[in-house]
Amino acid sequence: MYITKMTEESGPGMKVILMDKETTSIVSMVYSQSEILQKEVYLFERIDNPSKYDNLKHMKCIVFLRPTSENIALLSRELKCPKYGVYFIYFSNVISKADIKTLAECDEQEAVREVQEVFADYLAVDRHLFSFNIVGCLHGRSWSQQHLQRVSQGLLALLLSLKKRAVVRYEASSEPCGRLAERLRDLLRRETVLIDNTIPFNGDSPQLQLLIIDRRDDPVTPLLNQWTYQAMVHELLGINNNRVSLAHLPDVPKDFREVVLAPEQDEFYAKNLYSNFGEIGQTIKSLMEEFQKKAKSHQKVESIADMKNFVETYPLFKKMSGTVTKHVTVVGELSSMVGRHSLLEVSELEQEMACQSDHAKHLQRVKALVGKEAVREWDAARLVALYALRYEKQAGAAEALSSLVGALRARGAPDECARAPLLALEWGGAHARRADLFGLQDAVKITKRLFKGLNGVENIYTQHTPLLKDTIEDLIKGKLRENLYPAMGGDEISYGRRPQDVIVFIVGGVTYEEALCVHQINQANPGVRVVLGGTAIHNSASFMEEIKSAMQGVHRTHTRHIRNV
């Protein structure tokens, strides 16, 4: 919406869009290059990588930047010697009066026509999902100051873009959540005048609740294999800003070495984001059959009318051809990886360990899969990590874990891979979690699990439900406990009142499995809108990077302490 506003306000004529690294990602998440070209934007430039063109006075320049000190300095330099005819400047967040004054002083040629704040300082992945693409936001249990500033500013922009007054709640037992809530409250107070001007006050309307929680409470969800299309692609191939690299595959056409998987731009993908892998196979088959029918009709060009019809429908045909090739290639590779690496067998055991308790049986099966050649080293390490988290309190589990780590080393797993289960346990073990993740103490959870076991499950590969589901359901029922999730000091809140708008933000990152869970909650509760966000969107590999970054901070602090002693 904001991007459309920028292109319309600059009026007709040839345009260039000047962005920084982060705003380039923000724009690419919601618009394809061809869509922007339709808005007369013919050139895409980066502020930190100046163009080789010297004089483009015939072009209008739309500037879309984050209001950082570096960007202000670069833009000041641009305005002193303007390459373009006129400038329409948009900042993705609140900009200070001092920075506006600096830019005004540099605009000696009066090339600037407009300066505005548009609150688009986050990556909109889907209608109910956003991210900041930050892996490794914490060092130990402390925020990196740079990341704390980025995330708090991004959340401020989100609230301003939604035009909602928010009550900020946070996980009381988590220092990083408390720190972020505090910083966000300070920003909201600082921008009181802007908020009062932007968001009308209505004392009777239900407030938006922004809940900040800690990834450490559920270290299991990001470690599991996934079987819905979007989550599976991210786990096995990796999705970065809606892009998937297929360059490593043999015989991939040049145009498909990197493909875009964006719900807004790909109807097939939008319809099948949450389809399980079995359903995708059938849907791809139907898509192929439909494409073949259209291909046959295109072969029959006998009359002028046929030619006219061909010319009119060719762009749609070409688009469909690209969609078919893209998804057949992606699904083909997923299918190949599932077979090559025994992922069905691995996933079945993962799900069982996440949802049931049978120490002797699970240990035996983990040992067998760790020793199986077809199972990748990383998959073997994930199984050992899940075993460690599930059975850390079990008698004999410590010795068994040591033996399993030894087996990982014996099969030639790199040190980083072999140490992953121990790091996961140190980072997210029972001592670090507020919640009873496996339902070992909570009578209601034990009963739920028992009935689930008796009734059977729709699919053994998707038995697991993220902990997030219980948290959100408690929140929207007005049952989330005040002492565990207080409101930030000064925020007035009726704890038992059911909110209509909810943002849940996870410090340490979210997963596509949790995004599916939020999608299902929204469908089941028509009067409620839940949006999920995180510092990053994890697959198991990036989640392990998150843990390593945090634990390096702990180990460095510990080393300094020993030296001081």
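Residues numbered from 1 in each chain as written. Predicted model: local features only at pLDDT ≥ 70, side-chain atom pairs only at ≥ 80, totals over all residues. Heavy atoms only, no water.

Among the structural elements, A397 can be located in helix α16 (residues 397–410). On the basis of relative accessibility, which here comes to 4%, the residue A397 falls in the buried class. Separated by 34 residues in sequence, A397 and L363 have C-alpha atoms that sit 9.0 Å apart. In contact with A397, other than residues within four places in its own chain, are H359, Y387 and Y391. (Helix = DSSP H or I, 4+ residues; strand = E, 2+ residues; numbered from the N terminus. Buried < 20%, exposed > 50% of the residue type's maximum accessible area, 1.4 Å probe, protein only. Contact = heavy atoms within 4.5 Å.)

What follows covers the sheet that holds strand β7 (residues 129–131). The strand order across the open sheet built from 6 strands is β6-β7-β15-β14-β11-β10, with neighbouring strands paired in mixed fashion. Unpaired on one side and paired on the other, β6 (123–126) and β10 (166–170) mark the two borders of the sheet. The sheet shows a mean angle of 20° between the axes of neighbouring strands, direction not considered. Alignment of β6 against β7, held across 3 bridges, turns out to be antiparallel. Across the sheet, the residue bridging to L123 is S131, located in β7. On the sheet, helix α7 (residues 175–190) packs against β10, β11 (208–214) and β14 (501–507) and is oriented at approximately 145° with respect to β11. Taken strand by strand, helix α20 (residues 512–524) contacts β6, β7, β14 and β15 (529–534), and its axis lies near 170° from that of β15. (Pairing = 2+ DSSP bridges. Axes fitted to C-alpha atoms, helices over the stretch in contact; angles between N-to-C directions.)

In this section: the sheet that holds strand β4 (residues 84–91). Spatially, the 5 strands line up as an open sheet ordered β2-β1-β3-β4-β5, and their pairing is parallel. Of all strands in the sheet, those with a lone pairing partner are β2 (41–46) and β5 (112–117), marking the two edges. In this sheet, adjacent strand axes meet at a mean angle of 20° when their direction is disregarded. Most of the contacts of helix α2 (residues 21–30) go to strand β3 (residues 56–65), to which it runs at about 90°, and overall it touches β1 (15–19), β2 and β3.

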